[in-house]
Amino acid sequence: PMRKILAGLVGTLAVLAVAPPARADADLLGDALGPRELAVGEARRAMATGSSAVSLNPAGLPLQTELVFEGSYGYRPVDKASLVGVSACDSTNAQPGCFYYHYTGASPELDGMATHQRTHVAGITLARALSSHIIVGLGSKYVNAKGAAMDGSEDRSGFNWDAGVVARLTDIINVAAVGYNLSG
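Rules behind the numbers
Residues numbered from 1 in each chain as written. Predicted model: local features only at pLDDT ≥ 70, side-chain atom pairs only at ≥ 80, totals over all residues. Heavy atoms only, no water. Helix = DSSP H or I, 4+ residues; strand = E, 2+ residues; numbered from the N terminus. Buried < 20%, exposed > 50% of the residue type's maximum accessible area, 1.4 Å probe, protein only. Contact = heavy atoms within 4.5 Å. Areas by Shrake-Rupley, 256 points an atom, 1.4 Å probe, with all protein chains shown as cover. Pairing = 2+ DSSP bridges. Axes fitted to C-alpha atoms, helices over the stretch in contact; angles between N-to-C directions. Disulfide = S-S within 2.5 Å.

A. A look at the overall build of the chain. Looking only at helices and strands, the chain has three helices and nine strands in total. When the helices and strands of the chain are read in sequence order from the N terminus, they spell out α-α-α-β-β-β-β-β-β-β-β-β. The buried share among the 184 residues of the chain stands at 35%. Here the contacts in the chain between residues at least 6 apart in sequence split such that 46% fall between residues at least 24 apart. Carbon and sulfur atoms form 63% of the exposed surface of the chain, whose accessible area is close to 11000 Å².

B. Inspection of unusual backbone geometry at higher detail. In this structure, Lys80 is a non-glycine residue whose phi angle is positive, near 55 degrees. Locating Lys80 in the fold gives a position in the loop between strand 1 (67-76) and strand 2 (81-90). Phi at Asn181 takes a positive value of approximately 50 degrees, unusual for a residue other than glycine. Looking at the element boundaries, Asn181 is found in the segment after strand 9 (174-179).

C. The arrangement of the sheet that holds strand 6 (residues 117-129) in detail. On the basis of which strands lie adjacent, the open sheet formed by seven strands has the order 1-2-3-6-7-8-9 and antiparallel pairing. Of all the strands in the sheet, the pair left with one neighbour each is strand 1 and strand 9. Strand-to-strand, the axes of this sheet are offset by a mean angle of 15 degrees, without reference to chain direction. Pairing of strand 2 with strand 3 (residues 97-106) involves nine bridges; the strand directions are antiparallel. By the bridge assignment, Cys89 is partnered in strand 3 with Cys98.

D. Examining the state of the cysteines more closely. All told, the structure shown has one disulfide when counted by the stated rule. Between the sulfur atoms of Cys89 and its disulfide mate Cys98 the distance is 2.1 Å. In this structure, the disulfide formed by Cys89 and Cys98 twists by about 120 degrees around the S-S bond and is classed as right-handed. Neither Cys89 nor Cys98 differs from the other in exposure class; each is buried.

Dropping the structure here:
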């Protein structure tokens, strides 16, 4: 057991040594993460349960059996952004799923001019355990964003989707892979 722990620690340190430094830039289209996800540094992709599963990894829904209704609010002073999220998630049945809505509104100053940006995201996330060790999840969402560029060139709306997988290696160790905004 000690060799496995040491090997895991060495592997983790090797990954961290080659990983690029993290950045915390404001991103109107990527601001679907709520205060909880940001507080843990987006580090729960392999353990994303409840409303965290809709923004971190849709495959995380069945990891915990629960019926959850959540709401969140966050404020970012640098661009006067309000981040609001509501969700209803049920993983007490054979087909775990969530309905959710996220709103981000910001009023940054660009070259001394006040602007307004906003994003609405509404979607559904579903997950399925293929075995006791492999879980897959898909999320479909509608995105409507305005004001990212002053001339309207970055305004966008339409459907998109996310996909994720969680591999349960042990009762306490999970590995995950997630793809975001895979079309659209």
